[in-house]
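Coordinate analysis (summary)
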Amino acid sequence: MIRQWTEEALDHRNALLYAMGVDEEEVKRPVIGIVNAWNEMNPGHFDLKEAARIIKGEIKKCGCLPRELPVSGICDGICSNTDGDRYTLPARDLVSSEVETVAELNRLDGMVLLASCDKVVPGMLMGGLRADIPMVMFTGGYMPAGNYNGRMLTLTHTKQAYASWQAGQIDREEYKQIVRNACPSPGVCPFMGTANTMCAMAEILGFSPDGNAAVRAQSEEWRQMAVKAGKRITELVREEIRPSDRITFASFKNVIRYVMATGGSTNTLLHLPAVAAQMGYRITPELFDELSRETPFISAIYPNHPTDTMEDFSRAGGVSAVIKELDSAGLVERDTVGMFDSLAEKISRAENRDTSQIHPAAAPIMRQGGLAVLHGNIGTESAILKFSAVDSGIRRFEGKAKVYNSQDDGWNALLHDEITAGDVVVIRYEGPKGSPGMPHLETFMAAVLGKGLGEKVALITDGRFSGATGGIAVGHVSPEAYVGGNIALIENGDMIRIDIEERRLYLDVSESVLKERRRCFQTIEKPSSGYLELYRKNTNSTHEGATMYGFRKSDKKPDCAGI
């Protein structure tokens, strides 16, 4: 068995289980935790109560003892454009602590992780990998797209509509109808945002059943996948198969290839390195850019496409079909094995049912992947751009800087027409330490798009974005302003140049001028307390994943693994 007990310690535990109706036969069984992020504030997690019921039934049928354990399950959208958003990225590390704690404190023999959304999926994987006991993950599936007057809607369209209403382009009633119809049912928002990218990460690593990342929430197919998850965890527990026995550096490279092929979320550059670090692998933005240059962009759904959503992606074959196309070009390492089966077996079952939705690797939408890592005297470590969501005619942009020290200041300036075509907006002190918490700047960019400025205004920030963000949005600038990165030295009127093809982000100011400005530099200290202050003190940079749980040296691999 995974856990070793003395007779006294086991009897002490059993006395407490008897209090809840567990009988003397059941306490002899392996205990499998159903670590559930279900709650009534997050539609992406709302259907996980049903998933837990199905999985518990299957685990019990297979002769193990299921025990449900709740953990946090936040939704970024609930607190968007509020101070609450400062907590969303730190919540990832909090969730990882919860998962590690419930696994170790309860001496679980195995776990099923139930999560769907942006920070919760990577957070659960981080904690699960530190515990390193048999585990699988089951994700909640996508919600269908909304519709109003024949127009495809998602959550992010509500922000665009607000800016359009404020600009007088639509009336208040139309704006309210868009809000009312954007999210028609429980499930993950149906665009290629962070949630769907993270669910795909879990599937490609091999933690979730085949097809789980692109299945409709609460469908019969989804329910059958829940049964598979329940059965599989009992097999893993009996065979004592741990994640460290199977997950390798090549597994993480396969995820990066997929993200590039689909224009996945820029937040992957925060989450994948943080997950990999728990296994002793270092992954930096340079690896993302290296693989982006080699990997074709072959499938576009919103925001990379104006109307196609996860429904279209799923009908075409989903994650497996993308992996199959990449394999045809020799771009994945098919011998990797997860908690379910090998990537080669996944590929053998895959079918691309619509090559207009998931293009052949030999006939891609773009020859390079959807994300680009930029360098220059802004972002001397790195900065990130999702250029699959930028108009294809724009590969260079330059303009004079308009500088703001918070998203609120920039957003209000935009709504009052202080930002105009040709501007390069700089929003700083929104990084992991500066905010603290690194909120996403989806609201600002949605307003840019809502006002019709998506091709005419660029944004540079040390904050991050929603996975659904479109437009010329450069984020994750590292080092951030708070620690004295050059983004802190930009002044209004400075000329800034963005070159996507050359991967350059350049401030047209001499080194001597920057040196003089640095001599006068004083950081801005935004108020924080409690968990946010703990995060500010302990987090690393966005270049390293913006996590309090950095590289974790493993005795199973050398310190330089993954570099």
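Here we summarise the structure given alongside this text.

Criteria and thresholds
Residues numbered from 1 in each chain as written. Predicted model: local features only at pLDDT ≥ 70, side-chain atom pairs only at ≥ 80, totals over all residues. Heavy atoms only, no water. Pairing = 2+ DSSP bridges. Helix = DSSP H or I, 4+ residues; strand = E, 2+ residues; numbered from the N terminus. Axes fitted to C-alpha atoms, helices over the stretch in contact; angles between N-to-C directions. Contact = heavy atoms within 4.5 Å. Expected span 1.5 Å × (residues − 1). Buried < 20%, exposed > 50% of the residue type's maximum accessible area, 1.4 Å probe, protein only.

Let us look at the sheet that holds strand 2 (residues 65-70). Across the sheet, four strands lie side by side as 2-1-3-4; this open sheet has parallel pairing. Each edge of the sheet is formed by a strand with only one pairing partner; in this case those strands are strand 2 and strand 4 (135-138). Going across the sheet, the axis of each strand differs from the next one's by a mean of 20°, ignoring polarity. Across four bridges, strand 3 (residues 110-114) lies against strand 4 in parallel orientation. If you follow Leu113 over to strand 4, its bridge partner there is Met137. Relative to strand 1 (residues 31-36), helix 2 (residues 48-61) is tilted by about 175°, and along the sheet it contacts strand 1, strand 2, strand 3 and strand 4. Where helix 8 (residues 220-239) meets the sheet, its contacts fall on strand 1, strand 3 and strand 4, and the angle it forms with strand 4 comes to roughly 170°.

Its location among the elements puts Ala261 in helix 9 (residues 249-262). In the structure, Ala261 is positioned 106 residues away from Arg367 in sequence and 9.6 Å away in space, judged by C-alpha atoms. Not counting residues up to four positions away in its chain, the partners in contact with Ala261 are Thr295, Pro296, Phe297, Ile298, Ser299, Val322 and Leu326.

Turning next to helix 7 (residues 194-205). Three or four residues apart is the spacing at which side chains of an α-helix point the same way, because the helix has 3.6 residues per turn. The end-to-end C-alpha distance of helix 7, which contains twelve residues, comes to 16 Å, matching closely the 16 Å that a straight helix rising 1.5 Å per residue would cover. With twelve of twelve residues buried, helix 7 lies mostly within the body of the structure. All of the buried residues along helix 7 are Thr194, Ala195, Asn196, Thr197, Met198, Cys199, Ala200, Met201, Ala202, Glu203, Ile204 and Leu205. A positive phi of about 95° marks Gly206, the residue just after helix 7.

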